[in-house]
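Chain and residue survey
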Amino acid sequence: MCGISGFFHPQQDFSEKRSYYQNVLDSMNLTLMPRGTCRQDTCIEGHFGLAQVCSDPTVKIAENPLNILWDGELYNAPELKKELESLGHTFEGPEDARIILAAYLEYGPDFVKKLNGAFAFAIADSRYNRLLLYRDRSGIKPLFYSVQDGTVIFASELKGLFAWPGLKPELTLEGLNEVFSLGPAKTSGSGVFKGILEVLPGHFLSCSLSGLRVCSYWELKSRPHEDSYQETIEKTSWLLEDAVCRQMKPDSPVCSLLSGGVDSSLVSAICARELKKKNKQLTTFSFDFTGNDKNFKANSFQPSLDKPYVEKMVDYLDSDHHFLECSAKDQFDLLEASVLAHDLPAMADVDSSLMYFCSQVASLSPAALTGECADEIFGGYPWFHKEECFQASTFPWTMDLKARQVLLSDDFLSELKMEEYVQNCYEASLAQVPALPGESPAEARRREISYLNLRWFMQTLLDRMDRASTHSGLKARVPFADYRIIEYLWNVPWEMKARDGIVKNLLRQAGRGQLPDEVLFRKKSPYPKTYDTAYEALLSARVREILEDSSSPVLPFIDKKKVLTFLASPSDYGKPWYGQLMAAPQMMAYLIQIDFWLRQYRPKLPDFC
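This section reports on the structure supplied with the text.

Criteria and thresholds
Residues numbered from 1 in each chain as written. Predicted model: local features only at pLDDT ≥ 70, side-chain atom pairs only at ≥ 80, totals over all residues. Heavy atoms only, no water. Helix = DSSP H or I, 4+ residues; strand = E, 2+ residues; numbered from the N terminus. Core = buried A, V, L, I, M, F, W, Y, C linked by side-chain atoms within 4.5 Å. Buried < 20%, exposed > 50% of the residue type's maximum accessible area, 1.4 Å probe, protein only. Contact = heavy atoms within 4.5 Å. Polar contact = N/O pair within 3.5 Å; in protein donor to acceptor, adjacent residues only side chain to side chain.

Turning next to unusual backbone geometry. Following Gly-183, the chain continues to Pro-184 via a peptide bond in cis, the omega torsion being 5°. Within the secondary structure, Pro-184 sits in the loop between α5 (173-182) and β9 (196-198). Positive phi values are uncommon outside glycine, yet Arg-602 reaches one of about 45°. Within the secondary structure, Arg-602 sits in the segment after α25 (583-601).

With that out of the way, let us pick up the nonpolar core. Residues Phe-7, Phe-180, Phe-287, Phe-395 and Trp-597 are the most contacted members of the largest nonpolar core, which totals 104 residues. Setting aside anything within four residues of it in sequence, one finds Phe-395 in contact with Leu-182, Val-422, Cys-425, Tyr-426, Leu-452 and Trp-456. Counting residues in each nonpolar core, the second largest holds 81 residues, with Tyr-75, Leu-84, Leu-258 and Val-492 among its members.

Secondary-structure assignment places Ala-155 in strand β8 (residues 151-155). For Ala-155, a relative accessible area of 0% translates into the label buried. Along the sequence, Ala-155 and Ser-5 sit 150 residues apart, while their C-alpha atoms lie 4.0 Å from each other. Once residues lying within four places of it in the same chain are set aside, the contact partners of Ala-155 are Ile-4, Ser-5, Leu-143, Phe-144, Gly-160 and Leu-161.

If you trace the backbone, Asp-343 turns up in the loop between α11 (335-342) and α12 (349-362). Of note is the side chain of Asp-343, whose polar atom sits 2.5 Å from the side chain of Tyr-601. Ignoring any residue separated from it by four or fewer positions in sequence, one finds Asp-343 in contact with Glu-157, Leu-158, Lys-159, Phe-193, Trp-597 and Tyr-601.

Below is the structure:
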């Protein structure tokens, strides 16, 4: 794990004020320390200032004409290394970074097309006086940037940019809409704060004397699917197995996060099988909340507890299993830490609890495989199936904005124009969907929903996993986000993905023989939630404290009477607020996060606020 940051100006020599800019780099590193605590390193060379914190103590920035700051992991390193060695390259030092530099030297900036991995990296090339910023195809690793008076500043996280002198947090009406109208999702490429952008997934940014150029090196392409159903099952099975095996990386121990659902169970089964070939046992972890065995309430979004299915899988895999539980207090206490990890309000208690769980896993294993992203790719969410989602002309995970508006003041809502902003974002996304001529209206609509999931919902979950894991000292790997799986499944028709009306049936058929049928065909149950009324009591008490504190920065945005009425109303555990998050608890937690975020970052606000 690494945190990278730095700056570049093609006409400014930063070494002329070395002490000043060294302090800037040190400040950048300090903000990103949670991403890599073993080593800090910096370099000032001509037009470049580079900084990196890393969990690998051997990683060092060299004062060379060509340098790399690397955050991530390369999953096809052996093949790429062999190819480059045949062309005369030799390797010393950390392998992934050396391979990438050799590939850049051999093939030029487009070499990134050859990479399979989760990454965000910067290449400082003094020979051509240019900076290149790259991000992986799926957007697994983050990378933000801003341009200030001709200087390009970049960092793994937003907080790294604010270490640059004069770059202060500022929110426009657009940024407020990102938080209140779309959050915890955000528009792809948006940094929410004014003047800040994020390198798009599958893109790189070329910065030189000729200016900034955004280059796309990967995009989804729609084409007819020509494989038979059986061939599609076999290809899907092979792709998943290959992705898992690559991400097991033989040089470091790995565990898996096991929920008892089909996605994480398949990943765990493949991993356990490969380890058994080496006479090793897989370590697995499951998550739940203290008291959920008594407090759980089944609903349409969460029909069953995970634990009985986890126990079946533990017996089936013969894994070394750890049942982890998060208390209401721990979940509540980490709401603020989650905001600091994201630099934004996040998925409320889903993020805070995941941070807690990741910290527990990290104490026993350096890396974990997860089942994240399968629902977006294989069509597992309810909005892939429900008729109202096909009829709705908006994001299917937030079809009703009333839940977002219920706490906000009428004056703020009037300025926000929430419906208009959301509609514009939705229509802009649909305009980017690569259409397939001749496709039926129903199949075209499912392609639209798939695209929205990949570009919006999946990105939110990948951001969540990255921040929760890296800020806990854990490398979280996401085999389902392998771009080859995404590419292939993009063109598989719905009649294959959900044959016989069974949700994610293609994935289930691809997993035949690898799992017990009761797990393989289990109905989807999302990330667990707490049903402990003590947690709601903590949230309610904190919201009341916010209302009573005249200095609370969120007060200009909310209506006190509306909030008090909301607090007095019974909780609704079935009605969603964002995706499958429960309306009442998560809305309170999100409001608390917004208040803390405004206190912590103190952004400049529009005049009407």
